[in-house]
Amino acid sequence: GWSLALARRDYLEILRAWYCSFGRYCESGDCRVVNNITGLELDLTGQLHGQHLASEVVIRAVRGFVQSPRPDKALVLSFHGWSGTGKNFVARMVASHLYRDGLRSECVRTFVSLFHFPHRKFVDSYKVSGAAGGMVWARHLGRLTLLPAALQVQLAKQLSETTQLCRQSLFIFDEAEKLHSGLLDAIKPFMARYDNEGQAGNWRSIFLFLSSIGGNSINEAALDFWRAGRPREEIPLELLEQQLRQELLQPADSGYARSHFLEENLVDFFVPFLPLERRHVRLCARDAFLARGLPYTEAALDEVAEMMVFVPEEEKLFSAQGCKAVSQRISYFLP
């Protein structure tokens, strides 16, 4: 019975994608949503290296959410780990498999904290009601910068417009640790439990928060397991989730700590991204060669890995850059 129901839904999604390929006929946004969970699982399994916890959590959480007929709240995932471990990579992968146009979809909005919400010292002026003042001018880095007087209101408006347009929306907040608590408070109503039964049937949203907070705690746990002779695949999610929650509440200047974001349990899963070992860097190098249509040898993969920096100083176990700089290293092998 389950397999028959799933097959019927897959058929309907294929039919919808075929219908929408002829143009934009669905004003509600239905045609933009494909929810290819099978493809997401295959790509996470084959292309995301060294992240068994992140892969498992994302697949289960997203599958359960999109297959639920009436979710009672938005799905909120908080990604944590060092730069280059795959947080942005997974966010792009989720977008590309849930939406026909991926990150370019009108149902997907990406915000980078310091780019979209600059001037943290002026954030108090952002809280001014839009009716109270139009624009605020501030001198920043020797030039005049136009600051919105109600950034919170504008952010809430953008979220509201997207959810009204699309039956399923995806919001990605990169460098989330740099978000002011006031901005997190503006997002909270969209992540909280639905006020009435009908609302859940009209639209649903997925929020991905990407942060480097907790990276050191995650790395220490992975190092402890390695020193104990235990494989990283035995690291339990519960251990890292508990450490992440505690660390998120500590920094005084963190928006997470100053808002009621965590106290209200709006985050469904804290997703840890483990530090990458040399074997994972080699796999990233292999993928980079293949992506460019270039032949490679095992010796070339070893050489790329040798060009990376590994820490800690004694063990030289984890790549300090993850896979972020691998593609640039591939250029060294071009004629």
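Conventions used here
- Residues numbered from 1 in each chain as written.
- Predicted model: local features only at pLDDT ≥ 70, side-chain atom pairs only at ≥ 80, totals over all residues.
- Heavy atoms only, no water.
- Helix = DSSP H or I, 4+ residues; strand = E, 2+ residues; numbered from the N terminus.
- Buried < 20%, exposed > 50% of the residue type's maximum accessible area, 1.4 Å probe, protein only.
- Polar contact = N/O pair within 3.5 Å; in protein donor to acceptor, adjacent residues only side chain to side chain.
- Contact = heavy atoms within 4.5 Å.
- Core = buried A, V, L, I, M, F, W, Y, C linked by side-chain atoms within 4.5 Å.
- Expected span 1.5 Å × (residues − 1).
- Pairing = 2+ DSSP bridges.
- Axes fitted to C-alpha atoms, helices over the stretch in contact; angles between N-to-C directions.
- Disulfide = S-S within 2.5 Å.
- Phe/Tyr/Trp six-rings, centres within 6.5 Å; stacked < 30°, edge-to-face > 60°.
- Lys NZ or Arg CZ within 6 Å of the ring centre and 35° of its normal.

Mapped onto the elements of the fold, Q168 is located in strand β5 (residues 168–174). By relative accessible area, Q168 is classed as buried at 1%. One polar contact links Q168 to N35, side chain to side chain, over a distance of 2.8 Å. With sequence-adjacent residues up to four places away left out, Q168 is seen in contact with V33, N35, V66, L98, Y99, C107 and R204.

On to the nonpolar core. Core analysis: the largest hydrophobic core is formed by 70 residues, its most contacted members being F79, L170, F173, I187, F207, L208 and F209. Here this core gets nine residues from one element, more than from any other, and that element is helix α3 (residues 52–67).

Here helix α10 (residues 215–227) spans 18 Å end to end across 13 residues, near enough to the 18 Å set by a 1.5 Å rise per residue. Along α10, the positions that sit buried rather than exposed are G215, I218, N219, A221, A222, L223 and F225. Contacts made by the buried residues of α10 are with β1 (75–80), α11 (237–248), β7 (269–272) and β9 (318–319). Of the residues one or two after α10, G229 is the one with positive phi, at around 75°.

What links the strands of a sheet is backbone hydrogen bonding, and the strands pair in either a parallel or an antiparallel sense. Spatially, five strands are ordered β2-β5-β6-β1-β7 in an open sheet, and the strand pairing comes out parallel. Edge positions in the sheet fall to β2 (108–112) and β7, since each of these pairs with one other strand and no more. Across the sheet, the mean angle from the axis of one strand to that of its neighbour is 15°, orientation sign disregarded. Where β5 and strand β6 (residues 204–211) come together, six bridges link them in parallel fashion. Across the sheet, Q168 pairs through a bridge with R204, a residue of β6. Strands β1, β5, β6 and β7 of the sheet are contacted by α3, whose axis makes an angle of about 150° with β7.

Bringing the state of the cysteines into the picture now. Under the counting rule described, the total for this entry stands at two disulfides. Covalently, C107 is tied to C166 through a disulfide, its sulfur atoms 2.0 Å apart. Every disulfide takes its handedness from the sign of the S-S torsion; for C107 and C166 that torsion is -90°, giving left-handed. Highlighted residues: C107 in the loop between α4 (87–98) and β2 and C166 in the loop between α7 (151–165) and β5, separated in sequence by 59 residues. By relative accessible area, C107 is classed as buried at 0%. Two residues share a disulfide in this structure: C284 and C323, whose sulfurs sit 1.9 Å from each other. Disulfide C284-C323: torsion about the S-S bond near 80°, hence right-handed. A residue pair is termed long-range when its members are at least 10 positions apart, and C284 in helix α13 (residues 278–291) and C323 in the loop between β9 and α15 (326–330) qualify at 39 residues. Given a relative accessible area of 14%, C284 falls into the buried group.

Any pair of aromatic rings gets described here by the distance separating the centres and the angle formed by the planes. Across all of its chains, the model carries six aromatic pairs by this definition. Note on F79 and F273: the rings are 5.2 Å apart at their centroids and 55° apart in plane angle, and the pair reads as tilted. Here F79, found in strand β1, pairs with F273, found in the loop between β7 and α13; they are 194 residues apart in sequence, far enough to count as distant. Taken as a pair, F79 and F273 share a single burial class, namely buried. Members of the aromatic cluster, joined through ring pairs, are F111, F171, F173, F207 and F209. A cation sits over an aromatic face here: R204 above F65, 5.6 Å from the ring centre. Across the ring face of F310, the terminal group of R278 is positioned such that the distance to the ring centre comes to 4.1 Å.

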